[in-house]
Amino acid sequence: MPEMVQSVEYTPFERMLRQRVLDQLGALQRGRIVLEDACGTVELGQSRNEPAVRIWVTCPEFYQAVAAGGSVGAGEAHMAGHWFSDDLVGLVRTLVRNR
């Protein structure tokens, strides 16, 4: 999937939204997420004992959708092809365990 990550320039607004999403995911106490986008690869979460779920963000609109719509926005962005995961069920489990 990494070949799907486009090399695009993020606007300052998109970078700010990206950082907000990364800050929220970085606070995970259970599980790990490795997120890759045009800005690079980031490992998120406090638990190093568990395998990581990978996310590839293919379009910066993903961050706008999550900021505006939360989990519904993330779902809509997934349907639009703005991000993919190697384990969608594992990602949902990780997010639910950290509610």
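Everything below is about the structure printed above this text.
Cut-offs and rules
- Chains are numbered independently. Their residues run from 1 in the order of the written sequence.
- Per-residue local features are limited, in this predicted model, to residues with pLDDT of at least 70; the limit for side-chain atom pairs, both in listing and counting, is 80 or more; totals at the level of whole chains, interfaces and linings are taken over all residues.
- Only hydrogens and water are set aside; all other atoms, that is, all heavy atoms of the structure, feed into the side-chain values.
- Salt bridges, as used here, are contacts in which a Lys or Arg side-chain nitrogen is within 4 Å of a carboxyl oxygen on Asp or Glu.
- Numbering goes from the N terminus for both helices and strands, where a helix is a DSSP run of H or I of at least four residues and a strand is a run of E of at least two.
- For every residue, the accessible area (1.4 Å probe, protein chains only) is compared with the maximum for its type, and the residue is labelled buried under 20%, exposed over 50%, or partly exposed between those bounds.
- Two strands qualify as a pair provided DSSP detects at least 2 bridges between them.
- Each axis is a line fitted through C-alpha atoms, and for a helix only the stretch in contact is used; angles between axes span 0 to 180 degrees, taken between their N-to-C directions.
- We call two residues contacting when some pair of their heavy atoms lies within 4.5 Å.
- Geometric relationships in this document are graded by angle, where less than 35 degrees denotes roughly parallel, more than 145 denotes roughly antiparallel, 65 to 115 denotes roughly perpendicular, and other angles denote oblique.
- The sense of a crossing depends on the near helix, which, turned anticlockwise from the far helix by less than a right angle, makes the crossing left-handed and, turned clockwise, makes it right-handed.
- Distance thresholds for patches are 9 Å for like charges and 5 Å for nonpolar side chains (Val, Leu, Ile, Met, Phe, Trp, Tyr), applied to residues having over 30% relative accessible area and no salt bridge.
- Using the Shrake-Rupley algorithm and a 1.4 Å probe, accessible areas are obtained, with residue cover drawn only from the displayed protein chains.
- Stacked, tilted and edge-to-face are the three classes applied to pairs of Phe, Tyr and Trp rings, where Trp contributes its six-membered ring and a pair requires centres within 6.5 Å; stacked means planes under 30 degrees apart, edge-to-face means over 60, and tilted covers the rest.

Per the stated rule, a full pass over the model turns up five salt bridges. In this structure, Arg32 engages Glu43 in a salt bridge whose closest nitrogen and oxygen atoms are separated by 2.4 Å. Taken together, the residues span a long stretch of sequence, with Arg32 in strand β1 (residues 32–37) and Glu43 in strand β2 (residues 40–44) at a distance of 11 residues. Judged by relative accessible area, Arg32 falls into the buried class, the value being 15%. One salt bridge in this structure joins Glu50 and Arg97, with 2.7 Å as the shortest N-O distance. Placement of Glu50 in the loop between β2 and β3 (52–57) and of Arg97 in helix α3 (residues 88–97) is noted, with a sequence separation of 47 residues between them. On the accessibility criterion, Glu50 (25% relative accessible area) is partly exposed. Taken together, the salt bridges that share partners define one network made up of Arg32, Glu43 and Arg48.

Here we come to the sheet that holds β1. Spatially, the four strands line up as an open sheet ordered β2-β1-β3-β4, and their pairing is mixed. At either end of the open sheet lies a strand with only one pairing partner, and these are β2 and β4 (83–85). Averaged over all neighbouring strand pairs, the angle between strand axes comes to 20 degrees, with direction disregarded. As paired strands, β1 and β3 are joined by five bridges and run parallel to one another. Residue Glu36 lies in a different strand from β3, and its bridge partner there is Trp56. Strands in contact with helix α1 (residues 12–26) are β1 and β2; relative to β2, the strand with the most contacts, it is inclined by about 30 degrees.

Packing of α1 against helix α2 (residues 61–79) leaves a shortest axis separation of 9 Å and a crossing angle of 60 degrees. Relative to α2, the element α1 lies oblique. Of the two possible hands of crossing, α1 and α2 adopt the one that is left-handed. Across the interface between the two elements, Phe13, Glu14, Leu17, Arg18 and Val21 from α1 touch Tyr63, Gln64, Val66 and Ala67 from α2.

Together, Leu88, Val92 and Val96 make up an exposed nonpolar region whose accessible area comes to about 250 Å². Take Val96: it is sitting in helix α3.

As a further point, take the packing of aromatic side chains. According to the stated counting rule, one finds three aromatic pairs in the structure shown. Taken together through their ring pairs, the aromatic side chains of Tyr10, Phe62, Tyr63 and Trp83 make up a single cluster.

This part is about the environment of Gly31. In this structure, Gly31 sits in the loop between α1 and β1. Given a relative accessible area of 1%, Gly31 falls into the buried group. Separated by 22 residues in the primary sequence, Gly31 and Val53 place their C-alpha atoms 8.2 Å from one another.

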